[in-house]
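The residues making up each chain are set out below.
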Amino acid sequence: MALKARQYAGAAALALEIDGTFAGFLHSFDGGEAFAEVIEAPSTGGPIDKSIGSAKYDDIVVTCRFPDGALATWVTAFLEGKAPEHDGAVTVLNINGQPVRRLEWQKGAIPSVAFPALDAQSKQSAEVTIAIRPTTTTSVGGTGQAPTAPQPKPKTWSVGNFALSMPGIDCTRVVRIEPVVAPQTYVAPASGRGAPKAGHVQVSDLVVAVAVQQSGAADFDR
């Protein structure tokens, strides 16, 4: 269940930091918990020996308006296949702007970005969903200084405010674009040893709805 600012006792905002610098406010965040897999040892008979493997961490999933600044730079680098790693934190702030909880991560990489459906008939605010895969995480109480937000406050992005452009195709009658998801692929080393390396970013198909009146979809029917 995603943690939204209004659902956390005494919380008023969720602040994102990247490499120690304020990077914007979030709508929600979830994940980052530590877990370990159970390893079963081979056995020729009797009970199977079990032990706990090395600690791993759930992806941190955040939602926010269309990113800018450091977050936009990180997402752009991800979409270009560069797979950079950054330290960061999400801080829960109370109504006085003071920290009440903080989740820090180290060496996080983005494994996926999801863009929302766009609909010309909707005035709903848009949210981009970004997953961050941390090497480690640390949860701390309300300590440290509150992040300082830049001014002026960014404008809200609406899912109804969009335009599609494709060379040689009239897109003026496109009324809806389905969600676009971009997950990172990973390639196993040729030797079979070591951690998988980041490969190509796979982007889902572009699915659009077109108004058919006055031959609005003619350019798509080829």
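Here, every reference points to the structure presented above.
Residues numbered from 1 in each chain as written. Predicted model: local features only at pLDDT ≥ 70, side-chain atom pairs only at ≥ 80, totals over all residues. Heavy atoms only, no water.

Chemist: Just to check I follow, could you spell out the overall build of the protein for this structure?
Modeler: Check the secondary structure of the protein and you find 1 helix and 16 strands. Counting all 222 residues of the protein, 31% fall into the buried class. If you take every contact in the protein between residues at least 6 apart in sequence, the share linking residues at least 24 apart comes to 66%. Taken as a whole, the protein presents about 13,600 Å² of accessible surface, with 53% of it coming from carbon and sulfur. (Helix = DSSP H or I, 4+ residues; strand = E, 2+ residues; numbered from the N terminus. Buried < 20%, exposed > 50% of the residue type's maximum accessible area, 1.4 Å probe, protein only. Contact = heavy atoms within 4.5 Å. Areas by Shrake-Rupley, 256 points an atom, 1.4 Å probe, with all protein chains shown as cover.)

Chemist: I'm lost on the environment of Ser158 in this one. Help?
Modeler: Tracing the sequence through the fold places Ser158 in the loop between β12 (136-141) and β13 (174-177). Each C-alpha atom of the pair Ser158 and Leu118 lies 8.4 Å from the other, and the pair is 40 residues apart in sequence. The residues touching Ser158, leaving out its near neighbours within four places in the chain, are Ser122, Lys123, Gln124, Ser125 and Ala126. A polar atom in the side chain of Ser158 sits 3.2 Å from the backbone nitrogen of Gly160. (Polar contact = N/O pair within 3.5 Å; in protein donor to acceptor, adjacent residues only side chain to side chain.)

Chemist: I tried to follow the nonpolar core on my own but got confused; where do I start?
Modeler: One broad rule of soluble globular proteins: the nonpolar side chains tend to lie buried together. Counting 32 residues, the largest nonpolar core has Leu16, Leu26, Phe29, Leu71 and Ile130 as the members making the most contacts within it. Where this core is concerned, the elements lending two or more residues are β2 (11-18), β3 (21-26), β7 (60-64), α1 (69-79), β8 (85-94), β9 (99-115), β11 (128-133) and β13. (Core = buried A, V, L, I, M, F, W, Y, C linked by side-chain atoms within 4.5 Å.)

Chemist: What is the right way to read the pattern of salt bridges from this model?
Modeler: Proximity of charged atoms lets side chains of opposite charge pair with each other. In total, this model carries 7 salt bridges according to the counting rule given. Ionic pairing is found between Asp68 and Arg65, a salt bridge with its closest N-O pair at 3.0 Å. Given the relative accessible area of 21%, Arg65 is considered partly exposed. Note that Glu80 is salt-bridged to Lys82, the shortest N-O span being 3.0 Å. Judged by its relative accessible area of 57%, Lys82 is exposed. Ionic contacts of the salt-bridge type, sharing partners, join the residues Glu17, Arg102 and Glu104 into one network. (Salt bridge = Lys/Arg side-chain N within 4 Å of Asp/Glu carboxyl O.)

Chemist: Which parts of the structure should I look at to understand the sheet that holds β13?
Modeler: An order of β10-β13-β16 is seen for the 3 strands of this open sheet, with the pairing classed as antiparallel. Taken across any chain shown, the strands that pair with only one partner, and hence form the sheet edges, are β10 (118-119) and β16 (208-210). Where β10 lies against β13, 2 bridges are found, and the strand directions are antiparallel. Pairing of Leu118 across the sheet is with Ile177, part of β13. (Pairing = 2+ DSSP bridges.)

Chemist: Explanation requested: the packing of aromatic side chains in the structure shown.
Modeler: Two measures describe an aromatic ring pair: the distance that separates the ring centres and the angle between the ring planes. Inspection of the entire model under this criterion finds 4 aromatic pairs. Taking the centre distance of 6.5 Å and the plane angle of 25° together, the rings of Trp74 and Trp105 count as stacked. Of this pair, Trp74 sits in helix α1 while Trp105 sits in strand β9, and the two are 31 residues apart along the sequence. The rings of Phe66, Phe115 and Trp157 are connected pair by pair, giving a single aromatic cluster. (Phe/Tyr/Trp six-rings, centres within 6.5 Å; stacked < 30°, edge-to-face > 60°.)

Chemist: Just checking my understanding: could you explain the environment of Phe162 for this structure?
Modeler: With respect to the helices, strands and loops of the structure, Phe162 is situated in the loop between β12 and β13. Taking the C-alpha atoms as reference, Phe162 lies 8.3 Å from Asp119; in sequence the two are 43 residues apart.

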